[in-house]
Amino acid sequence: MTAFRIAGFSGLVPRLAKQLLAPNQAQVATNCNLTSGDLRPRNGSLHVFSPVIGNDIKSMFRMEKDGNEKWLAWDKDVDVARSPVAGNTARRFYYTGDGEPRASDYDMATVGAGPYPSGCYVLGVTPPVTAAAVTPFGGAGVSVTRSYVYTFVTQWGEESAPSPPSIVITGKVDATWALTAMDAAPPNSGAVSAAVKDTPSAGYAQVTLDSVFGLRAGETVTFATVTGMTDLNATFILVSVDPATRKVAVSLSTTQTFIAGGTWARMAPHNTTGMNKRIYRTLTTPAGTEYHYIATITAITSTYSDTTSDTNAALGEVLPSASWAMPPAGMKGIVILANGIAAGFTGNEVHFSEPFKPYAWPATYRQTYDQDIVAIGITATTLVGMTRGNPFTITGVEPVTMGGGMEKLGVAWPCMAKRGMASFAFGVGYPAPQGLVIAGMNTDIVTKDLFTQKEWAELNPESFIAASADNRYYAGYTVDDSSLMFVIDKAENASFVKVNQKITAIWADPWTGKLYVAADKKIYQWEGDAGTKLAYEWKSKRFISQPPLNYGAAKVDADFEMSEEESGSASASYAAAIAANQALVAAGIMNDGIADPYLGEYEIDGDEMQAIPPLSIDSLQFQLWADGVLKFTRQVKSCRAFRLPGGYKSDNVEIALSGNVKVTGVVLAETMDGLKQA
C-alpha cells in the first residue's frame, strides 16, 4: 500500500518545478513560520506608535531614555547612527538624508507633540574664518616669534578645525600678547537685503544676506517675510554660497521682483549655545614647532591677553583638530563601525571620521572608488560599499590606514536598491540583478539555489526595503501596485516565505533585536501581537506516483489547544481592538464617509477601524488536489484520521493547508490502515 508523510515543513524554492521540490518544500508558503520545522502561523504586528507625519513613513528610529520611549519618523530615506561615545546618557545620535548631516539627542528630538525629531544641530563644527590680530606689549626678555590660532568648542565638547593662523610676529618672551578681531560664533539666522531672479542663470534666484559665515552649498535655509518676491518665502537647499559678496543662490523660478525685507534661518543650526573658543600658540620643542593650548574663552569674546610662559605652554595639549572638518553637506548613509569610526558617502567617495568623534571628518581620510556608490553597510570593522557595478570592502582599525584595506570585488553585482541593504553578523546583504548578495569575508549570491535570475526579477528588486533580524533577511517589495513581504533564511528550513503585509518602512533595533515595520503612517512591532495569528497558506509539492492511485485516507497531526499565554494574549488583543474602535466611533474619526478628508485612503466600505482578532486559534483547512483540480476540502478539528473521496485515480496529487493551528505533519495513504505505514 502506498503512503507518504510530510514533516519538517520548509518554504519556497521558486527555481524548481513543482514536481522536483523536496517532499517538505512548498509551492505556496504565505504567512508561515517554519523555523522550527512545524507549520505555524505568524503573530500579528503590534501597534506601538502613531507619529505625527503627513506622508507615508519611509524611515524610523526608536529613542529610549530613563525608561521612556518615543519614535522618530521621516517621509524620506534617512540613515541614523547612535553615538559611539561612552556614557551616552543624553542618547545622542546622528543622521543623514534629511538635508545636511545632523545631530540631536533624546531631549532635543522629542520636544513637544511632534513631528519628531523636533530639534537638531548640523553635524560638525564650522571653523573660524578670521585670523586673530596679534600685538605684543612690553617685556624685557629675549625675543621670540609666535603665531596663534583658535577653535570653536561646542557644549558637547566638539572642537572645530582651527582658524587661519595669525601673522607670525616677534615680541619679548615675557610680553603681553594681545589677540583681537577673533570671530564670534557663526549666526544661525539673519536678514535678507536683496534678491534677484534668474541669477546667476534662469531658474535661480540670488539672495544677499547680512552674513554667510557658517553656510555651505547643500545646506537648508528657510526664508520668511520677504516682500515683493514672496515666492522666496519657503525652505531651500543652497546651490552656492559666495563669502566675498555674501550672496547665496537657490533654485527658484519666479516672475516676482524683490521689494524689501526678509529673514533667513538655518534648518539645522550650529550648536552655539554655550560655545567657547580654545586658543593655541606656536611653541618650538624637540618634536618641532607645534600649536599648544593656552586658554579657553567664551565664543562671544573677541579679545584675549596672553601672558602664559613657555614652560606652562609646553604643558598644554597640542592642537588636535588641525585636519578636522565638517562632513560634506551632501553626505548620506551614515554608519558607525565597531572601532568607533563613523562613515558616509557622496558620489564615488567614502568618508571617515576620527574614531569616536563623529563630528570630525578629515579630508585626508576620504577614499575614492571608480564607480558611484549606492549604499554602504558594515560588518564588524569592515565597510562594504555597494555600487552601480562591482562592490568593494574597506577593512582597518584606524581611518588613516583604511585606504590600504580597500578591495574591489571581482564581480559585477550592482546594488538595485539602497533601502534593500541589510547588515548581518557575517556580511552585508543587498539585491542585485542576479539575486541576494551577501558581501563580506565570503561574497556570494546566497539565493542562487532558490531563484533563477528571471524569478528573482519578478520580485522587482528595485523596490526592496529591507532589514535583518535573527540573521534573516526581511524585505518589502512592490509588483504591479501590489505590495508584500518575504523572508529569506538560508540557514534554516524556512528558505523563502511570503507574508501578506504591505509596508512602507522596516527597521531592526540593534539594542533589542526587535523588528519594526511601518504601514498606514503607523509603526508596528513585527510579530509583536502574540494574541493575533495570521492565517497561513501552505501548498505542497506535486507528488508523482506510478501507477495512478486513489489516496483514500489522510491524517493531520496538529495542536488545537491554546496555551495559557496564547489564550491570555488573544483576549487582550480582542479587548484592545474593541476599545480602539469604540474610541474612534466616539471621536467621530472613523474616516468612513464620503465627506471625510481621507476619501480614497481606504477601499470601498473600509475605514480606520481595526479588524477584530479571533478569541480562539482553531482554524485549519485541508485540501486535496489531483491533476491540478481541487478534489476535496475539509475543516479539520482534531488529529483523527479521515477518509478522502474515491471514484478516480491520479498519478499526481498536492495538498494545501490553511489556518492558524500549528501542524507537525500530514499523512496520506490509500487506506486507513495504510496511514500506519508512513
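Please refer to the structure higher up on the page.
Just so it is clear, the structure is predicted and the values come from calculations on it, not from any experiment. (Residues numbered from 1 in each chain as written. Predicted model: local features only at pLDDT ≥ 70, side-chain atom pairs only at ≥ 80, totals over all residues. Heavy atoms only, no water.)

Draft legend 1. Inspection of unusual backbone geometry at higher detail. Put simply, glycine 114 and proline 115 share a cis peptide bond, and its omega is 5°. For proline 115, the location among the structural elements is in the loop between helix H1 (106-109) and strand S11 (121-122). Following tyrosine 116, the chain continues into proline 117 via a peptide bond in cis, with omega recorded as 5°. Tracing the chain through its elements places proline 117 in the loop between H1 and S11. Unlike most non-glycine residues, asparagine 31 shows phi in positive territory, near 60°. Its identity is not glycine, yet aspartate 520 carries a phi of approximately 55°, on the positive side. Considering the arrangement of structural elements, one finds aspartate 520 in the loop between strand S44 (515-519) and strand S45 (522-533). (Helix = DSSP H or I, 4+ residues; strand = E, 2+ residues; numbered from the N terminus.)

Draft legend 2. Local environment of the pattern of salt bridges. Counted according to the given criterion, the structure contains 30 salt bridges. A salt bridge links aspartate 38 to arginine 40; the shortest N-O distance between them is 3.1 Å. Overall, the relative accessible area of 15% leaves aspartate 38 in the buried class. Ionic pairing is found between lysine 448 and aspartate 444, a salt bridge with its closest N-O pair at 3.0 Å. Among the residues examined, aspartate 444 registers a relative accessible area of 29% and is labelled partly exposed. (Salt bridge = Lys/Arg side-chain N within 4 Å of Asp/Glu carboxyl O. Buried < 20%, exposed > 50% of the residue type's maximum accessible area, 1.4 Å probe, protein only.)

Draft legend 3. Structural view of the side chain of asparagine 188. On the secondary structure map, asparagine 188 appears in the loop between strand S16 (176-180) and strand S17 (189-197). In this structure the side chain of asparagine 188 is engaged in a polar contact, spanning 2.6 Å, whose partner is the backbone nitrogen of histidine 270. What asparagine 188 contacts, discounting residues up to four positions off in sequence, is Trp264, Ala265, Arg266, Pro269, His270 and Thr272. (Polar contact = N/O pair within 3.5 Å; in protein donor to acceptor, adjacent residues only side chain to side chain. Contact = heavy atoms within 4.5 Å.)

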